[in-house]
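Chain and residue survey
Here is how the chains run, residue by residue.
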Amino acid sequence: MILPRSVLADLFHRCASLGDAGIAALNEAGDRTGAEAVALLGDSPDALDAEEFWAFLDEILRKAGLGSISFKPGGGASAAIAWRDSAEAMAAGNVRCHFATALLRGVLSRLADRAVEVAEVQCGGGTEPCWFVFGSVETIQRLRTGGQSRAGGREH
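Quick summary incoming for the structure in this document. (Residues numbered from 1 in each chain as written. Predicted model: local features only at pLDDT ≥ 70, side-chain atom pairs only at ≥ 80, totals over all residues. Heavy atoms only, no water.)

1. Some thoughts on the pattern of salt bridges
Within this structure, the stated rule accounts for 5 salt bridges. A salt bridge links arginine 14 to aspartate 10; its shortest N-O distance comes to 2.9 Å. Separated by 4 residues within a single helix, arginine 14 and aspartate 10 lie in helix α1 (residues 5-16), roughly one turn from each other. For arginine 14, a relative accessible area of 55% translates into the label exposed. Here aspartate 10 falls in the partly exposed class, since its relative accessible area comes to 36%. Put simply, aspartate 31 and arginine 110 hold a salt bridge, and the shortest N to O gap is 3.2 Å. Note that aspartate 31 is positioned in helix α2 (residues 20-39) and arginine 110 in helix α5 (residues 95-112), a separation of 79 residues in sequence. The class of aspartate 31 is partly exposed, set by a relative accessible area of 29%. Overall, the relative accessible area of 37% leaves arginine 110 in the partly exposed class. What you see here is one network of salt bridges that share partners, running through Arg105, Glu117 and Arg144. (Salt bridge = Lys/Arg side-chain N within 4 Å of Asp/Glu carboxyl O. Helix = DSSP H or I, 4+ residues; strand = E, 2+ residues; numbered from the N terminus. Buried < 20%, exposed > 50% of the residue type's maximum accessible area, 1.4 Å probe, protein only.)

Encoded structure:
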């Protein structure tokens, strides 16, 4: 796996105390991890259909001992990551959400071969899945400035 669970837990814990610099480091680590995940798909990452892709991404998270991911298509695409947190990762707070946002953005942007924006709409706080919406940069900006997606936000 790209980053073992113990390495991520340590990264989350260390970055939690670094403020903006820690968030920047987690964004970079998530983006690079996303790039490596896409590389695991081989020469034709777009050859998988949506169901196979989400199963593949779920398998990566599960093998790393991090948790699972699920996808909910609809008016606005959304995904949930249910982390399997160690005590160390939970003690670090919600910094893992920055990592997850960047990981999803990295994976989805590389597969789409264009910018895909990802935004967290509900943090699970370590006990529930964290929900993210994704789409074009413009769509996510509209959601941030004025409204909720039909599939994301408060109804999860």
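Let's pick the thread back up.
2. Quick notes on unusual backbone geometry
Positioned with a positive phi, aspartate 113 is a non-glycine residue whose angle comes to about 60°. Following the sequence through the fold, aspartate 113 ends up in the loop between α5 and β3 (117-122).

3. Focus: the pairing of strand β4 (residues 130-135)
Among the 6 residues that make up β4, 6 are buried, leaving the element largely enclosed by the rest of the structure. A two-sided burial pattern is seen for β4, the buried positions comprising Cys130, Phe132 and Phe134 on one face and Trp131, Val133 and Gly135 on the other. Pairing geometry for β3 and β4, over 5 bridges, is antiparallel. Along β4, the bridge assignment pairs glutamate 120 with phenylalanine 132. (Pairing = 2+ DSSP bridges.)

Geometry only, nothing functional implied.
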